[in-house]
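Residue-level listing of the chains:
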Amino acid sequence: MPSDFTYHARNPANNVRLGGKHSVFVPMTGAPFLRDLDDVRRNPTLDDLAMFHKLSHMMPALHSSR
């Protein structure tokens, strides 16, 4: 396994180097459980996942939301 590699974009100007000294911050997805505002634990739905992607897409500290 290589210590670093290039994540190729459709536009080569947007290629991203990963590994070694190059870090990329992405969210973890697919949480096995969620807690609602009443602190009730429940299984997530596809709507929850879609909302999570929308929220993570808006966070400037993350480089990718998928």
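Structural notes, computed from the coordinates. (Residues numbered from 1 in each chain as written. Predicted model: local features only at pLDDT ≥ 70, side-chain atom pairs only at ≥ 80, totals over all residues. Heavy atoms only, no water.)

This part covers the overall build of the chain. Scanning the chain from terminus to terminus reveals one helix and four strands. Its helices and strands in sequence order give the chain the pattern β-β-β-β-α, from N to C terminus. Residues classed as buried in the chain amount to 8% of the 66 residues present. Within the chain, counting contacts between residues at least 6 apart in sequence, those at least 24 apart form 26% of the total. Element-wise, carbon and sulfur atoms account for 60% of the exposed surface of the chain, whose accessible area totals about 6,100 Å². (Helix = DSSP H or I, 4+ residues; strand = E, 2+ residues; numbered from the N terminus. Buried < 20%, exposed > 50% of the residue type's maximum accessible area, 1.4 Å probe, protein only. Contact = heavy atoms within 4.5 Å. Areas by Shrake-Rupley, 256 points an atom, 1.4 Å probe, with all protein chains shown as cover.)

What follows concerns unusual backbone geometry. A positive phi angle, close to 65°, is found at aspartate 39, a residue other than glycine. Counting through the fold element by element, aspartate 39 comes out in the loop between strand 3 (34-35) and strand 4 (41-42).

By the definition in use, this model includes three salt bridges. A salt bridge links aspartate 39 to arginine 35; the shortest N-O distance between them is 3.8 Å. You'll find aspartate 39 and arginine 35 in the same group, each marked exposed. (Salt bridge = Lys/Arg side-chain N within 4 Å of Asp/Glu carboxyl O.)

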